[in-house]
Amino acid sequence: MTPASDSSALLPLYTIRPLPLAYVSQDMGNFTYRCNNGRRIDLPIFAWYIEGGVQRVLVDTGANAEHLKKYRGFDAVDINTFEDALLRVGLKPMDIDVVIQTHLMIDHCANTRKCGRARVVVQQDELEFALAPHPILAPTYIRELFMGLNFHLVDGHCEILPGIELIPVPGHSPGCQAVSINTAKGRAVITGMCTVRENFEPPAGVREFMPVIPPGIHLDAVEAFNSALRIKALADIIIPVHEPALVNVDRIP
Ligand SMILES: [Zn+2]
């Protein structure tokens with residue numbers, strides 16, 4: 001077990017509560033670069049509640065079927081409304097103090113505006129990119145979902161709250177960040193970049209030449225590969241943001 005920092009014994013011990021919101025029908029090749037092309041999968045979209053601190057913190061606010069259909073034309077079905085998902089942890093959207101955005105692609109920020117009291121923490125270069133995205137990623141950034149939010153901009157690696165660190169993981173998008181959370185079982189890392197478990201544990205036949213698989217959707221595949229490697233080296237518990245097996249998990253750890 002790796003402590004989140006030298007003083008981790010003094011830090012809060014958090015629990016991560018996966019809040020699944022919707023399934024979206026996708027080609028697995030969008031998630032595992034050069035692997036699984038043509039394989040359809042119902043991929044879950046999550047928000048993550050960080051339980052155990054003074055502040056009420058969400059990592060991402062996900063998206064629901066209506067957003068995915070309206071803005072992307074995707075075939076999607078709801079698991080829970082955002083409001084019902086939050087009720088599972090005893091909260092309403094206006095109770096949230098802090099939303100940490102791993103990045104600003106549609107499937108990570110579509111409900112953020114509902115958290116009207118929250119500070120919205122994002123890397124400065126992610127917001128800059130979201131406002132003027134490169135054409136190859138432009139369809140995944142929907143201005144009206146994030147314009148005018150109460151942004152708190154950060155620049156690089158920082159501890160945003162005791163035991164909660166933001167770790168830049170560029171490549172998927174320029175300002176993508178992972179979130180490292182101090183838990184009773186070490187450092188849990190919400191990957192930020194749109195990945196599943198297989199990205200970090202490649203199957204036989206792939207792992208012999210790639211210890212991690214970069215996300216299929218990326219601005220820079222090599223940077224995304226290096227970011228995934230960093231997460232793998234750092235984390236005691238990896239939480240890939242679209243991992244199907246986490247839909248039925250109530251708490252981590
Ligand atoms: Zn995603």
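Just so you know, these numbers come straight off a predicted model, no measurement behind them.

Trainee: Summarise the environment of Ala 132; cite the residues concerned and give the values.
Mentor: Residue position: Ala 132 is located in the loop between helix H4 (124-131) and helix H5 (143-146). Judged by C-beta crowding, with 8 C-beta atoms within 10 Å, Ala 132 ranks as exposed. Distance from Ala 132 to Arg 143, taken between C-alpha atoms, is 9.6 Å for residues 11 residues apart in sequence.

Trainee: If you had to explain the nonpolar core to someone new, which residues and values would you point to?
Mentor: Grouped together as the largest cluster of nonpolar side chains are 73 residues, with contacts concentrated most on Leu 21, Trp 48, Ile 50, Leu 58 and Val 99. Among the elements that take part in this core, strand E2 (residues 40-51) stands out by supplying seven residues, more than any other. Residues contacting Leu 58, with those up to four places away along its chain left out, are Ala 47, Trp 48, Tyr 49, Ile 96, Val 99 and Cys 115.

Trainee: Go over helix H7 (residues 221-234), please, and point to the residues and values.
Mentor: In a regular helix each residue adds 1.5 Å, so 14 residues correspond to 20 Å; H7 covers 20 Å between its end C-alpha atoms and thus fits that length. Inspection of H7 places Ala 224, Phe 225, Ser 227, Ala 228 and Ile 231 among the buried residues, and these make up the whole buried set. End-on, the buried residues of H7 take up no more than an arc of 165 degrees, which puts them together on one face. Set apart from the buried face of H7 by more than 90 degrees, the exposed residues are Val 222 and Ala 233. Considering only its buried residues, H7 is in contact with strand E10 (177-183), strand E11 (186-190), helix H6 (197-200) and strand E12 (237-239).

Trainee: Summarise the sheet that holds strand E3 (residues 57-59); cite the residues concerned and give the values.
Mentor: With respect to topology, seven strands assemble into an open sheet ordered E4-E1-E2-E3-E5-E6-E7, the strand pairing being mixed. Because the sheet does not close on itself, it has two edges, and the strands there are strand E4 (76-78) and strand E7 (151-154). The average angle at which neighbouring strand axes cross in this sheet is 25 degrees, direction not considered. Pairing of strand E5 (residues 98-100) with strand E6 (residues 119-123) involves three bridges; the strand directions are parallel. Along E6, the bridge assignment pairs Val 98 with Arg 119. Docked against the sheet, helix H1 (residues 65-72) engages strand E1 (15-27) and E4, running at close to 155 degrees with respect to E4. The strands that H4 touches are E6 and E7; relative to E6, the one it contacts most, it runs at about 90 degrees.

Conventions and cut-offs
- Residues numbered from 1 in each chain as written.
- Predicted model: local features only at pLDDT ≥ 70, side-chain atom pairs only at ≥ 80, totals over all residues.
- Helix = DSSP H or I, 4+ residues; strand = E, 2+ residues; numbered from the N terminus.
- Buried ≥ 20, exposed ≤ 12 C-beta atoms within 10 Å, placed from the backbone.
- Core = buried A, V, L, I, M, F, W, Y, C linked by C-beta atoms within 7 Å.
- Contact = placed C-beta atoms within 7 Å.
- Expected span 1.5 Å × (residues − 1).
- Arc of directions from axis to C-beta.
- Pairing = 2+ DSSP bridges.
- Axes fitted to C-alpha atoms, helices over the stretch in contact; angles between N-to-C directions.

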